[in-house]
Each structure stands twice: as C-alpha cells, then as structure tokens.
Amino acid sequence: MHSSYSLFYTFDGDQPARFREARVFGTTVWTAAGAAMTWGEETRKDYASEAEAHAAYATHCRAALADGYSLARASVIDPAAFDFALLQSLVADAARQAFDCVRRAHPDQHIDAFSLVSDDSAMTIGPMANSREALAASEYGEEMLWNPAEWAFDEGGAYFDSAYRLLLQAHRGLPFDVDFDTFRSGVFDACIAALAHLDTEGCFGADAQRDDFVLLFEVSDSEPVEGALARVNPPAVVARFEAWMASWEE
C-alpha cells in the first residue's frame, strides 16, 4: 500500500530547528512533530474512508505551512522499497554542511578528521570531527584518531534531520516491508558512498593535504564495516591505520 508523505521544517539559520511530518496510508493519517533530531510526538487517526483520510492529510499539510513551516520533502512511499539513492543524496548534503559548520565554528583549529557515525540498528546518522590540535592534546594519542566517539567536535548534527526522518520509517511501526538486513547494509553503504562522493569533490582536500586527512564511517558498538576505510581514504591514510593496528600486535 503506497502512502503520501510530507516533511516540513522551521529553521535556526540554515539548520532545521523543528519538524512536522504527515503521512497517509489507507484510511490512517499519521503525524509527528518536535525538535530536529528527536523522535518527536506522534499521532495516528483512522477515518471512515480513504477520501476522508487524504482530506485530513491535506489539512495537516496546509496547517504546517500556515504555521510558518517550509516544505522540505513530499513523496510517495512504497513500503516494499527504500530509497537508498535519496538517502545518499541527503547524507552527502548534510555532511558537506556539517563539515563547513565545524570549520566555521573553530577557525583556530586545523580540522583534519571527519566521520559519520551510525548505530547497529541503522536508525541514526551523525557527524564527528577532530583537529590536529585536539589530537596532540589527547592523552590517548593515535588511538583517539581511529575512535570518532572521542573526537572533539560534533557541530552540524541538525543538518542530518531529513536523513534521520527517512530512516525512522523503518522503526516507527509504520508500513515497512524491507528486509532488515537489506535495509541496514543499504543504509551503511549509502553513508559510505556519500562520503566517497564528497571526497571526489575535494571537500576534504587534495594531494598531500588529503593524505593527512582521516575520513571514517563508524557504527557505534559494532564491528567496522568491511572495506569502508579504503573506500573513503587514499592509500596513505589506510597505511597509517594499518601501522597503528600493527603497533598493537608488537
């Protein structure tokens, strides 16, 4: 059963501040609202007919616009498929903005590491960044470099709200028929592909500068995604990681 979906935002500067969602499937209208990067408060209401449900859905959408929200996305959702291409695009845009946000927030720091971090259930995506200065000041030394959870900067997380909303359709008890393993692996692959795309744009530097920049995709409390490091980094960074790993075996 396909459903119509709309996502609305208010903004703090250029970052999403609050969201509203509305979705209609069959005779049910589902809504959610709250602060960006939160689950928010949700409602569900059943109507006597699909026509009444669609009319109520349209009313919710008009109300969001009337309350000063801007339409960010309107789509038709097929519960048997997940739009990994859209996710990759949303993640790439958010990561680009988040990285720029970190650099603006810390102009005195040499930002030389950036990571996207998800979780084992593929429900969240967030940015972390680190600097040459933060690494030098850490008591953990090189170990800190390969552990984004210990990095110094996390500005720009709200840019990922649209991608987060896309992921939540798999977790809210809404119509969703995609196999979980397919969903999870596809989400992680989309995040890695987004970082690789930004790297080809030169977002993280070029030549010798890029060889000194560490780009990671991590899944918290889980094993590393096989091949991710090499997909998003030049050989010099991969060699640096392998040398660090080898140091633990000595």
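The shown structure was predicted, so the numbers you read here are calculated from the model rather than taken from an experiment.

## What to know about the overall build of the protein
So, point 1. Check the secondary structure of the protein and you find nine helices and eight strands.
So, point 2. Expressed as lengths along the three principal axes of its C-alpha atoms, the size of the protein is roughly 70 × 35 × 30 Å.
So, point 3. Residue pairs at least 24 apart in sequence account for 65% of intrachain contacts in the protein once pairs closer than 6 positions are excluded.
So, point 4. Of the roughly 12,000 Å² that the protein leaves accessible, carbon and sulfur atoms contribute 51%.

## Quick notes on the side chain of Gln169
So, point 1. The residue Gln169 is located in the loop between helix 5 (161-168) and helix 6 (180-200) in this model.
So, point 2. The class of Gln169 is buried, set by a relative accessible area of 8%.
So, point 3. Engagement of the side chain of Gln169 in a polar contact is seen with the backbone oxygen of Leu166, the distance being 3.1 Å.
So, point 4. Not counting residues within four places of it along the chain, the set of residues in contact with Gln169 comprises Arg23, Ile77, Phe82, Leu174 and Phe176.

## Concerning the sheet that holds strand 8 (residues 214-220)
So, point 1. Ordered in space as 7-6-8, the three strands form an open sheet in which the pairing is mixed. Across the chains shown, the open sheet's two edge strands, defined by having one partner strand only, are strand 7 (125-131) and strand 8. Direction aside, neighbouring strands of the sheet carry axes that sit 25 degrees apart on average.
So, point 2. Where strand 6 (residues 111-119) and strand 7 come together, seven bridges link them in antiparallel fashion. Each residue of the ladder has a partner; that of Ser115, found in strand 7, is Met128.
So, point 3. Running over the sheet, helix 6 touches strand 6, strand 7 and strand 8 and is turned about 165 degrees from strand 8.

## Points about the pairing of strand 3 (residues 28-35)
Residues in a regular strand point their side chains to alternate faces of the sheet.
So, point 1. With respect to burial, strand 3 is a largely interior element, six of its eight residues being buried.
So, point 2. Bridging between strand 2 (residues 15-25) and strand 3 involves eight bridges; their strand directions are antiparallel. The residue bridging Val24 from the neighbouring strand is Val29, located in strand 3.
So, point 3. Summarising the sheet, strand 3 and strand 4 (residues 41-46) pair through six bridges and their orientation is antiparallel. Pairing of Ala32 across the sheet is with Glu42, part of strand 4.
So, point 4. The loop that links strand 3 with its antiparallel partner strand 4 comprises five residues; one of these, Met37, has a positive phi angle of about 65 degrees.

## Things to note about the packing of helix 2 (residues 84-105) against helix 6
Two measures define how a pair of helices packs: the angle their axes make with one another and the distance between the axes.
So, point 1. Where helix 2 contacts helix 6, the axes come no closer than 8 Å and their chain directions differ by 45 degrees. For the element pair helix 2 / helix 6, the angle class is oblique. Between helix 2 and helix 6 the crossing geometry is right-handed. Counted together, Phe84, Leu87, Gln88, Val91, Ala92, Ala95 and Arg96 of helix 2 and Thr182, Phe183, Gly186, Val187, Ala190, Cys191, Ala193, Ala194, His197 and Leu198 of helix 6 form the full contact between these two elements.
So, point 2. Residue composition of the contact of helix 2 with helix 6, by class: twelve nonpolar, four polar and one charged.

## Some points on the sheet that holds strand 3
So, point 1. Strand order across the open sheet formed by five strands is 4-3-2-1-5, with antiparallel pairing between neighbours. Of all strands in the sheet, those bounded by a partner on one side alone are strand 4 and strand 5 (70-77). For this sheet, the mean angle separating the axes of adjacent strands, direction not counted, is 15 degrees.
So, point 2. Pairing of strand 1 (residues 3-12) with strand 2, which is carried by nine bridges, proceeds in the antiparallel orientation.

Criteria and thresholds
Residue numbering note: each chain is counted from 1, following its sequence as written. Only residues with pLDDT of at least 70 get local features here, since the model is predicted, and only at 80 or more are side-chain atom pairs given and counted; chain-wide, interface and lining totals rely on the full set of residues. The side-chain figures draw on all heavy atoms in the structure; neither hydrogens nor water molecules are used. Think of it this way: any DSSP run of H or I at least four residues long counts as a helix, any run of E at least two long counts as a strand, and we number them from the N terminus. Working rule for contacts: check all heavy atoms of both residues, and any pair within 4.5 Å makes them a contact. Residue-level accessible areas treat just the shown protein chains as cover; the underlying method is Shrake-Rupley with a 1.4 Å probe. We call a residue buried when its accessible area falls under 20% of the maximum for its residue type, exposed when it is over 50%, and partly exposed in between, using a 1.4 Å probe and counting protein chains only. By the criterion applied in these results, polar contacts are pairs of N or O atoms within 3.5 Å in which, for protein atoms, one can donate a hydrogen and the other can accept it, and in which residues neighboring in sequence qualify only through two side-chain atoms. Any two strands between which DSSP finds at least two bridges are classified as paired. The convention used is that axes are lines fitted to C-alpha atoms, helices contributing only their stretch in contact, and that angles between N-to-C directions extend from 0 to 180 degrees. Here is the rule for angles: anything less than 35 degrees is roughly parallel, anything more than 145 is roughly antiparallel, 65 through 115 is roughly perpendicular, and the remaining ranges are oblique. For any pair of crossing helices, the crossing counts as left-handed if the nearer helix is rotated counterclockwise from the farther one by less than a right angle, and right-handed if it is rotated clockwise. Here the nonpolar group is Ala, Val, Leu, Ile, Met, Phe, Trp, Tyr, Cys and Pro; Asp, Glu, Lys and Arg are the charged ones; every other residue, Gly included, is treated as polar.

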